[in-house]
Amino acid sequence: MVNTFAASVPDASAKAASLARIWAALDTLSDPEIPVVTLREMGILRDVVWQNDGVLAVIITPTYSGCPAMGQIEDDVRTTLATLGVNARVQTQLAPAWTTDWMSPTARDKLRAYGIAPPARCGANSNTDAASTVVQFASRANKPEVVPCPHCSSHDTTETSHFGSTACKALYKCLSCMEPFDYFKPY
């Protein structure tokens, strides 16, 4: 496929304008497993850069290394950019590892409105090394987490299964309104 879009980007200002158009197109892509949030809101879509060879690189990071939605996400990115005439290279970047702290406040609000309790902040960041992250999460492992119900906001909830509709979520039940709900685990 001829990359006519890259060939038509002659200077820095045109590249900046094209990146704005590309980001706008990518902002329409939702997470295949949680359709109410976008890839960018989830923090999965990391960066978009023109490479020296004139090909666009789209950098994505999975929510966890075995995420079954990654193939679909890559296909969605390529298909969306192809409608703009852009031939993109989708690159999966595993380090730094994705954290739920990368979710935007908008994503958290949308999850709650959809009936999924958003994750608590874990305090991880891109500068945290793997060993301290493991220690940080292990120290929380024995502490029961208070997860507010996304339906009625009650804190009287209990985990019924460590795995919910996907591996990145746990299944909870509210003891006030009696509704079951997923909780997006903090990573």
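This structure is a prediction, so every number in the text was calculated from the model and none was measured. (Residues numbered from 1 in each chain as written. Predicted model: local features only at pLDDT ≥ 70, side-chain atom pairs only at ≥ 80, totals over all residues. Heavy atoms only, no water.)

Draft legend 1. Expanded view of the pairing of strand β7 (residues 180-184). Of all 5 residues making up β7, 4 are buried, and the element is well covered by its neighbours. With 2 bridges connecting them, strand β4 (residues 116-117) and β7 associate as parallel partners. Along β7, the bridge assignment pairs Ile 116 with Asp 182. Note: strand β6 (residues 169-174) against β7, 5 bridges, orientation antiparallel. (Buried < 20%, exposed > 50% of the residue type's maximum accessible area, 1.4 Å probe, protein only. Helix = DSSP H or I, 4+ residues; strand = E, 2+ residues; numbered from the N terminus. Pairing = 2+ DSSP bridges.)

Draft legend 2. Here's a closer look at the sheet that holds strand β5 (residues 157-161). With mixed pairing, the 4 strands of this open sheet are ordered in space as β4-β7-β6-β5. In this open sheet, the two strands that pair with only one neighbour each are β4 and β5. As defined by bridge partners, β5 adjoins β6 across 4 bridges and the pair is classed as antiparallel. The partner of Ser 161 across the bridge, within β6, is Leu 171.

Draft legend 3. Local environment of the side chain of Thr 80. By the secondary structure assignment, Thr 80 is in helix α4 (residues 70-82). The residues contacting Thr 80, other than those within four sequence positions of it, are Ala 25 and Leu 29. (Contact = heavy atoms within 4.5 Å.)

Draft legend 4. Structural view of the sheet that holds strand β2 (residues 56-60). On the basis of which strands lie adjacent, the open sheet formed by 3 strands has the order β1-β2-β3 and mixed pairing. With one partner strand each, in any of the chains shown, β1 (45-50) and β3 (88-92) form the two edges of the open sheet. Taken pair by pair, the neighbouring strands of this sheet meet at an average axis angle of 20°, ignoring direction. As paired elements, β1 and β2 share 5 bridges and run antiparallel to each other. Counted as the bridge partner of Val 48 is Val 58 from β2. α4 rests against β2 and β3 of the sheet, and its axis sits at about 155° to β3. (Axes fitted to C-alpha atoms, helices over the stretch in contact; angles between N-to-C directions.)

Draft legend 5. Structural view of the pattern of salt bridges. A complete count under the given rule lists 5 salt bridges for this structure. Among the salt bridges present, the one from Arg 78 reaches Glu 74, with a minimum N-O distance of 3.9 Å. On the criterion of helical spacing, the pair formed by Arg 78 and Glu 74 is a turn pair, its members being 4 residues apart in helix α4. In this structure, the salt-bridge partner of Asp 109 is Arg 112, at a minimum N-O distance of 3.3 Å. One end of the pair is Asp 109 and the other is Arg 112, both in helix α5 (residues 105-114) and 3 residues apart, which spans about a single turn. Residue classification places Asp 109 among the partly exposed residues on the basis of a relative accessible area of 47%. (Salt bridge = Lys/Arg side-chain N within 4 Å of Asp/Glu carboxyl O.)

These results come straight from atomic positions and should not be treated as a statement about function.
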